[in-house]
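Structural characterization, general
The chain contents come next:
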Amino acid sequence: MNAVVATSVFGLFMVATVALGLLAVRGRAGTGGGLAEWSVGGRSLGAVFIWVLMAGESYTSFSYLGAAGWGYNYGAPVLYVVAYMSCGYAVGYVVGPMLWRYARRHDLVGITDIIAHRYGRPWLGALVAVLASAFLLPYIQLQITGMGVVVSVISYGTISLELGYFIAFAVTTGFVVVSGLRGSAWVSVLKDVLVIGTLGFLAVYVPMHYFDGYGPLLDRLVDEKGAWLTLPGAGGAKSGLGTGWFVTTSLLNALTVVIFPTTVAGYLGARSADALRRNAIWLPAYNVLLFVPMLLGMAALFVVPGLTGAESNLALFRLVVDSLPAWAVGIIGVAAALSSVVPMAVFMLVIGTMWGRSVLSLVPRLRTREKGAAQVVVVAAGVIALVMTYAVPNTLVRLSLISYEAMAQLLPLLLLGLVWRRLTLAGGLSGLAVGVTAVCALVFSGHDPVWGINAGIVALAANLVVAVGVTYAGSADRLGGKPDGGPDGRPDGRPDDRPDSEVLAHDSVDDVDDTALDDTSLNASPNAS
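Conventions adopted
Residues numbered from 1 in each chain as written. Predicted model: local features only at pLDDT ≥ 70, side-chain atom pairs only at ≥ 80, totals over all residues. Heavy atoms only, no water. Helix = DSSP H or I, 4+ residues; strand = E, 2+ residues; numbered from the N terminus. Buried < 20%, exposed > 50% of the residue type's maximum accessible area, 1.4 Å probe, protein only. Contact = heavy atoms within 4.5 Å. Phe/Tyr/Trp six-rings, centres within 6.5 Å; stacked < 30°, edge-to-face > 60°. Axes fitted to C-alpha atoms, helices over the stretch in contact; angles between N-to-C directions. Parallel < 35°, antiparallel > 145°, perpendicular 65-115°, else oblique. Nonpolar A, V, L, I, M, F, W, Y, C, P; charged D, E, K, R; others polar. Salt bridge = Lys/Arg side-chain N within 4 Å of Asp/Glu carboxyl O. Patch = residues over 30% accessible without salt bridge, like charges linked within 9 Å, V, L, I, M, F, W, Y side chains within 5 Å. Areas by Shrake-Rupley, 256 points an atom, 1.4 Å probe, with all protein chains shown as cover. pLDDT = per-residue confidence, 0-100. Polar contact = N/O pair within 3.5 Å; in protein donor to acceptor, adjacent residues only side chain to side chain.

**Concerning the overall build of the protein chain**
Summing up its helical and strand segments, the protein chain has 22 helices and 0 strands in all. Counting every position in the protein chain, which comprises 529 residues, the buried fraction comes to 59%. Within the protein chain, contacts between residues separated by at least 24 positions form 83% of all contacts whose residues are at least 6 apart in sequence.

In C-alpha cells, the structure reads:
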C-alpha cells in the first residue's frame, strides 16, 4: 500500500510536469523562433524565470543524493559545492552579461556558436560541440542515475533501479523535445517550490524526530564524529580531500560554471543583461538550503550506519522512507526527481543545440532544419547516457567532478579569446589539446587529486601556459594569420580584418544600454554559421 500511494503521487506530478511544459510553449509554434525559440526561449525570459532556471544548477539530484552521500562518507569536504557556486555567481556577474551581449549582437545560441564566430571558423564550432558533448554526457548520466535511485526508493523497492533509469530517460527526453528551454523554466518554478518546502521541512523534522533537536545532534557529531567536521574529513589524509583540494576545486568550478553550456543557455535566454546581474546577486542566497542534505547526511551516520559505496547516496532517503508516511515520501521524491528532470533537460537541450547549429548545419541539406536536427540529437544523447548508466555506473560526485574538470579546458579558448584578440587559433587549440589530454591521463589513471590539488586545475594551468606560449612563439598562424602574431586569418587564408566589435566581447556594465540591441541590430549582424 505504501508503494502504491507514493508512486501514485509521483506519477501525478510527472503528468503535471509534462502538461506544464506543453502549456509553456502553447501558442509559440507560430512565432518563427525556430532553434532560438526552442533552445534559448526566444531570448525573452524575465528575471524570475532566469532565477529559477539557473538555480537548477544548485539543486539537482546531487543535492538530495550526492551531497548527503558525501556528507555521510566524508563530511566537511562536501562544502566545496557551496563555496564554488557562491564564487561562481560573483564571476558570472561580469561574464554572464558579457556573453549575453556578444551572443545577442551576433545572433548566437551557445558556446560553440560563440567560439566559431570569435575565430571565424565554422568547423571549430563543430569540434567544440563534439568535445563538449563528451564532457556533458557524464552529467546527464548522473541525473539519470539520481532520478532512477529516487524512483526505486520511493516505490519501496517495487520499481527496480534499471526501470527507474528508463523512466528518468523517457520522461526527460519527451519533455525537452517538446518544450525546450521555456518549458524547463516553467517547470523550474514548480521544482523550486517543492525543493524549498521539502528541504525546509526536513531541516526541522529529522533532527527533532531522531535526536530531539539540533543541540543533541551537533553534540553527538562533535563527540563521536569529529573527523567529519574538519578537512580532510573522515577519509583522512589518504582521501586527498584536504585544504589544497578544497581551494583548487572551488576555484576551478567557480571559473568553469560560468562557461558550462547549461549556464550559458540560461544567460542567453535572458531578456536583458541587467536581469543576469540581479540574478548573480540573489542566487547565492539559494545555496543556504544546500547545507540541509549535507548535515542530514551526517545525521544518517547514527540512524542508518554501515552504508558503503553507492549506497551512501541513499542516506537522506533512508531517513525519509523510514520515518514519514507514504504520501510525504512521494512528495519528497517528486522534488528530488524534478531536481533531476530540469537540469537533465537543459543538458540534453544544450547538446542538441550545439549539434544542430554547429555540426549538422555544416551539411547543406540540414541548414534549414536546425531545430529538427537538434531534437533528433537530444534523443540520441539521452540513449547514449542511458546505456552508459547501465554499463558504467559510478558515484554521483565523481561524475560531476569529471564533467567540470574536462569542461574547464575550454576556458582559455573561449573567455581568454573574447578579451584578448592576440590569442591565435593555434595557441587556443594547442592549449585545449594539452589540457584535455592531461585531465584524461590524471583522472583515468587514478591521480585525482594530484599532489593534493584538483587534477583539473593542473591541466588548466598547462593549457593556459601552452596557449599563451604558442601564441607568442609563432610568428604566423599556420592556418593563415598575420605575421606579427595577430588574430587568426579567415577560412580562406585572408587576415582577419574584422573590427574589435566583431571579434571581442565587451564589459556590458560600462557598455551601451541593453535596449540598444534591438531586432534591427540583430538582423544586421553576421551569423556564425
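**Some points on the packing of aromatic side chains**
Here the structure, examined in full by the defined rule, presents 17 aromatic pairs. Centroid distance Tyr80 to Tyr84: 5.9 Å. Interplanar angle 20 degrees. Geometry classified as stacked. In this pair, Tyr80 and Tyr84 are both assigned in helix H5 (residues 80–105), 4 residues apart and thus about one turn of the helix distant. Judged by its relative accessible area of 3%, Tyr84 falls in the buried class. Arranged with centres 4.6 Å apart and planes meeting at 15 degrees, the rings of Tyr139 and Phe347 form a pair that is stacked. In this pair, Tyr139 is assigned in helix H7 (residues 122–154) and Phe347 in helix H15 (residues 326–359), connecting sequence segments 208 residues apart. There is no split in this pair, since Tyr139 and Phe347 are both buried.

**Considerations on the packing of helix H1 (residues 2–24) against helix H8 (residues 161–211)**
When two helices pack together, you describe them by how their axes are tilted relative to each other and by the distance separating the axes. One way to put it is that H1 packs onto H8 with a least axis distance of 7 Å and a crossing angle of 105 degrees. Our classification of the angle between H1 and H8 gives roughly perpendicular. In this structure, H1 contributes Phe13, Met14, Thr17, Val18, Leu20, Gly21, Leu22, Leu23 and Ala24 to the contact, and H8 contributes Val171, Phe175, Val178, Ser179, Arg182, Gly183, Trp186, Val187, Leu190 and Leu194. Residue composition of the contact of H1 with H8, by class: 14 nonpolar, 4 polar and 1 charged.

**Observations regarding helix H18 (residues 411–419)**
Burial analysis of H18 places 7 of its 9 residues in the buried class, the great majority of the element. Within the sequence span of H18, burial applies to Leu411, Pro412, Leu413, Leu414, Leu415, Gly417 and Leu418.

**Details of the pattern of salt bridges**
One pass over the full model with this rule turns up 6 salt bridges. For Lys191, the salt bridge is made with Asp192, and the minimal N-O distance between the two is 3.2 Å. There is no split in this pair, since Lys191 and Asp192 are both buried. Notably, a salt bridge pairs Asp500 with Arg421, separated by 2.8 Å at the nearest N-O pair. Here the residue Asp500 occupies a position in helix H21 (residues 500–503), and Arg421 occupies one in the loop between H18 and helix H19 (425–444), the gap between them amounting to 79 residues. Judged by relative accessible area, which is 15%, Arg421 ranks as buried.

**Details of a nonpolar patch on the surface**
Nonpolar side chains collect at one region of the surface, where Met1, Val4, Val5 and Trp327 lie side by side and expose about 460 Å² of accessible area between them. Look at Val5 and you get partly exposed, because its relative accessible area is 30%.

**Points about the confidence of the model for the protein chain**
With 85% of its residues at a pLDDT of 70 or more, the protein chain has an overall mean of 84. Note on residues 475–487: pLDDT is under 50 here. Beyond four places in sequence and across chains, it has 33 contacts.

**Observations concerning the side chain of Ser312**
Counting through the fold element by element, Ser312 comes out in the loop between helix H13 (291–303) and helix H14 (315–323). Under the relative-accessibility criterion, Ser312 is labelled buried at 2%. Looking at Ser312, its side chain comes within polar contact range of the side chain of Asn73, at 2.8 Å. If we skip the residues at most four places from it in the chain, Ser312 touches Ala68, Gly69, Tyr72, Asn73 and Leu307.

**Points about unusual backbone geometry**
Across the junction of Leu231 and Pro232, the peptide omega takes the value 5 degrees, indicating a cis bond. The topology assignment puts Pro232 in the loop between helix H9 (214–224) and helix H10 (243–256). Following Asp448, the chain continues into Pro449 via a peptide bond in cis, with omega recorded as 5 degrees. You can see Pro449 is positioned in the loop between H19 and helix H20 (455–473). Positive phi values are uncommon outside glycine, yet Asp212 reaches one of about 60 degrees. If you trace the backbone, Asp212 turns up in the loop between H8 and H9.

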